[in-house]
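Spelled out, the chains give:
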Amino acid sequence: QVQLVESGGGLVQAGGSLRLSCAASGRTLSRYAMGWFRQPPGKEREFVAAISWSGGSTYYADSVKGRFTISRDNAKNTVYLQMNSLKPEDTAVYFCAADIDSRFIRSTAGAYDYWGQGTQVTVSS
């Protein structure tokens, strides 16, 4: 089992930045591809970004490309999401997730095996 805990959410003005962290316990994250998803108020969960087990490959949703950066530190068992130039439409609960099939980085929520509880990000206009 892998336990994932997100942190770093909060309230920020439009144009500001936040860095989310996802810390894992139970097993090393170095074997897993990792993803970030978000769920805006009243909407379904959507893909944000994913990273391969080594960190060598990344993939982003078009809505965040150029503004968000996913990274990982396998020595610290932690994955990050740096969010810059935030917009009100980025307001959502952000979740990290682990995919035990590390051959791919995927954007489908159903492909991920372990999920954190989420952290709220609110961007004011």
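In what follows, the structure referred to is the one given above.
Residues numbered from 1 in each chain as written. Predicted model: local features only at pLDDT ≥ 70, side-chain atom pairs only at ≥ 80, totals over all residues. Heavy atoms only, no water.

### Things to note about the pairing of strand β7 (residues 68-73)
Where we set the bar: Throughout, exposure labels follow a simple rule: accessible area from a 1.4 Å probe, protein chains only, divided by the maximum for the residue type, with under 20% read as buried, over 50% as exposed, and the rest as partly exposed. The secondary structure listing takes helices from DSSP runs of H or I that are at least 4 residues long and strands from runs of E that are at least 2 residues long, numbered from the N terminus. Between any two strands, at least two bridges found by DSSP are needed for them to pair.
Going residue by residue along β7, you find Phe68, Ile70 and Arg72 tucked away on one face and Thr69, Ser71 and Asp73 left uncovered on the opposite face. If you look at the hairpin formed by β7 and strand β8 (residues 78-83), you'll find 4 residues sitting between the two strands, and asparagine 77 has a positive phi there, around 55°.

### Describing the sheet that holds β7
Selection rule: As a rule, the C-alpha atoms of each element are fitted with a line to give its axis, helices using only the stretch in contact, and angles between N-to-C directions run from 0 to 180 degrees.
Strands sit in the order β1-β3-β8-β7 across an open sheet of 4 strands; the sheet is antiparallel. Edge positions in the sheet fall to β1 (3-7) and β7, since each of these pairs with one other strand and no more. For this sheet, the mean inter-axis angle between neighbouring strands, taken without regard to orientation, is 15°.

### Digging into the state of the cysteines
For clarity, the threshold we go by: By disulfide we mean two sulfur atoms from cysteines, separated by a distance within 2.5 Å.
Evaluation of the coordinates by the stated rule reveals 1 disulfide. The partner cysteine of cysteine 22 in its disulfide is cysteine 96, sulfur to sulfur 2.0 Å. Between cysteine 22 and cysteine 96, the S-S dihedral sits near 55°, and the bridge is therefore right-handed. You can see cysteine 22 sitting in strand β3 (residues 18-25) and its partner cysteine 96 sitting in strand β9 (residues 92-99), a full 74 residues away along the chain. With respect to class, cysteine 22 is no different from cysteine 96; both count as buried.

### As for the environment of serine 63
Within the secondary structure, serine 63 is located in the loop between β6 (58-60) and β7. For the pair serine 63 and glutamate 89, spaced 26 residues apart in the sequence, the C-alpha separation amounts to 9.7 Å.

### Focus: the packing of aromatic side chains
For clarity, the cut-off: Here a pair means two rings of Phe, Tyr or Trp (six-membered ring of Trp) with centres within 6.5 Å. Their orientation is stacked below 30 degrees between planes, edge-to-face above 60, and tilted elsewhere. Each ring is checked for a lysine NZ or an arginine CZ that lies within 6 Å of its centre and within 35 degrees of its normal; such an atom marks a charge sitting over the ring.
With the rule as written, the count across this model stands at 7 aromatic pairs. Three or more aromatic residues link up through ring pairs in this structure, and these residues are Phe37, Phe47, Tyr59, Phe95, Tyr112 and Trp115. Its end group placed over the ring of phenylalanine 95, arginine 45 keeps NZ or CZ at 3.9 Å from the ring centre. The ring of tryptophan 115 has arginine 45 lying over it, and the distance from NZ or CZ to the ring centre is 4.7 Å.

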